[in-house]
Amino acid sequence: MSRPLIISDCDEVLLYMVSPFRDWLDEEQGIEFHMGTNDFSQALRWQENGEVLAPEEIWRMLGKFFDTEMHRQSPIPGAIEGINALGEKADVVILTNLVDKRQQMRTEQLADHGLDARVFTNQGPKGPALQKILDEYNPTKAIFIDDLAQHHRSARETIGSITTLHLCGEPMLAPHIDCAHTSGHADARIDTWDHALPWLMGELEKEPA
């Protein structure tokens, strides 16, 4: 029998990513990370000369971080407890933008933090991946949680009727990113699990339209 389905992102929704990435860059890579705007491409600079890293260098650093430093990531307050509480009323899966070879690493990482959930990896906009998950699960209701506005836009453009929550639990990032709720692509913007969990529970309890 079909159940409701929660499809959640991981980085900055369940686990901190930018802050441990910043610390690692500073401690081991000679790079300063400062998120002063919503332009991630301008946030990384070499400490020795202040020059902005080239895009290919940024991608190389991100890849190296996920290959060797995922142990630095810790749960956002209330996230694991919240997603497990939702799991008592709905199926829960994780949709994370990592290359496919890191799917097992992410699964084990989340399990180590107390979350046993199926992990789907994706590259690029998440709407098509969401559609495939919905086709497989055929849920009575689906709720998508993500920290980036472009994925909410992709979800709405691809699926239309899905319920979406824009949640960014990283204070370094939250003030600077575009808001999917303001743009009309998310049903709400809530950046703490203390407030997000009651909202999500309320959405699960609503009768399907």
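Everything numeric here is computed off the predicted structure, so don't read it as measured data. (Residues numbered from 1 in each chain as written. Predicted model: local features only at pLDDT ≥ 70, side-chain atom pairs only at ≥ 80, totals over all residues. Heavy atoms only, no water.)

Q: Sorry if this is basic, but what is going on with the overall build of the protein chain here?
A: Helices and strands together make up the secondary structure of the protein chain, namely seven helices and eight strands. What you see for the protein chain is a C-alpha radius of gyration of 17 Å, in line with the 17 Å of a compact globule of 209 residues. Along the first, second and third principal axes, the C-alpha set of the protein chain runs to 60 × 35 × 30 Å. With 209 residues in all, the protein chain has 49% of them scored as buried. Once local pairs closer than 6 in sequence are excluded, the contacts in the protein chain between residues at least 24 apart make up 66%. Roughly 10,000 Å² of accessible area belongs to the protein chain as shown, and the carbon and sulfur atoms make up 49% of that amount. The centroid of the 18 positive side-chain charges in the protein chain is displaced by 4 Å from the centroid of its 35 negative side-chain charges. (Helix = DSSP H or I, 4+ residues; strand = E, 2+ residues; numbered from the N terminus. Rg over C-alpha atoms; globule rule 2.2 N^0.38 Å. Buried < 20%, exposed > 50% of the residue type's maximum accessible area, 1.4 Å probe, protein only. Contact = heavy atoms within 4.5 Å. Areas by Shrake-Rupley, 256 points an atom, 1.4 Å probe, with all protein chains shown as cover. Lys, Arg positive; Asp, Glu negative; His and termini not counted. Charge placed at Lys NZ, Arg CZ, Asp CG, Glu CD.)

Q: Is there a simple way to explain the packing of helix H3 (residues 79-86) against helix H7 (residues 193-205) in this structure?
A: Axis angle and axis distance: for two packed helices, these are the angle between their axes and the distance between the axes, and together they describe the pair. Following both chains from N to C, one finds H3 and H7 inclined at 10°, their axes separated by 10 Å at the closest point. When the axis of H3 is compared with that of H7, the two are roughly parallel. Across the interface between the two elements, Ala79, Gly82, Ile83, Ala85 and Leu86 from H3 touch Trp193, Leu197, Leu200, Met201 and Leu204 from H7. When its residues are assigned to classes, the contact of H3 with H7 shows nine nonpolar, one polar and no charged. (Axes fitted to C-alpha atoms, helices over the stretch in contact; angles between N-to-C directions. Parallel < 35°, antiparallel > 145°, perpendicular 65-115°, else oblique. Nonpolar A, V, L, I, M, F, W, Y, C, P; charged D, E, K, R; others polar.)

Q: Looking at this model, I keep getting lost on the pairing of strand S7 (residues 163-166). Mind explaining?
A: Consecutive side chains along a regular strand alternate between the two faces of the sheet. Here S7 shows no split at all, with Thr163 and Leu165 on one side and Thr164 and His166 on the other all buried. Once you follow strand S6 (residues 142-146) into helix H6 (residues 149-158) and on to S7, the crossover reads as right-handed. The sheet contact formed by S7 and strand S8 (residues 188-189) spans two bridges and is parallel. Residue pairing for S8: His166 is matched across the bridge by Arg189. (Right-handed = clockwise from strand over helix to strand, strands pointing away. Pairing = 2+ DSSP bridges.)

Q: Help me out: how do you make sense of the pattern of salt bridges in this one?
A: When the charged atoms of two side chains lie near each other, side chains of opposite charge can form a pair. Counted by the stated rule, this structure contains 14 salt bridges. Linking Glu28 and Arg72 is a salt bridge whose minimum nitrogen-to-oxygen distance equals 3.1 Å. Placement of Glu28 in helix H1 (residues 18-29) and of Arg72 in the loop between helix H2 (55-68) and H3 is noted, with a sequence separation of 44 residues between them. We classify Glu28 as partly exposed; its relative accessible area is 48%. (Salt bridge = Lys/Arg side-chain N within 4 Å of Asp/Glu carboxyl O.)

Q: Help me understand the nonpolar core, please; the structure alone is not making it clear to me.
A: Within soluble globular proteins, side chains that are nonpolar generally end up buried alongside one another. Ile6, Leu14, Ile94 and Trp193 are the most contacted members of the largest nonpolar core, which totals 30 residues. Sorting the residues of this core by element identifies H3, strand S4 (91-96), S6 and H7 as the ones contributing at least two each. Those residues within four positions of Leu14 in sequence are excluded, and the remaining contacts are Ser8, Asp9, Ser74, Pro75, Ile76, Ala79, Ile83, Ile94, Leu110, Leu115 and Trp193. Leu25, Leu53, Met61 and Leu98 belong to the second largest nonpolar core, which has 23 residues in total. (Core = buried A, V, L, I, M, F, W, Y, C linked by side-chain atoms within 4.5 Å.)

Q: Which parts of the structure should I look at to understand the environment of Met172?
A: Among the structural elements, Met172 can be located in the loop between S7 and S8. For Met172, a relative accessible area of 19% puts it in the buried group. Between the alpha carbons of Met172 and Arg3 there is a distance of 35 Å; along the sequence they are 169 residues apart.

Q: Mind showing me how you'd approach helix H4 (residues 103-112) here?
A: Side chains three or four residues apart in an α-helix point the same way, a direct result of the helix having 3.6 residues per turn. Among the residues of H4, Arg106, Gln109 and Leu110 are the ones counted as buried. Down the axis of H4, the buried side of the element spans an arc of 95°, and every buried residue falls inside it. In this structure, the buried side of H4 is in contact with H2, S4 and strand S5 (118-121). (Arc of directions from axis to C-beta.)

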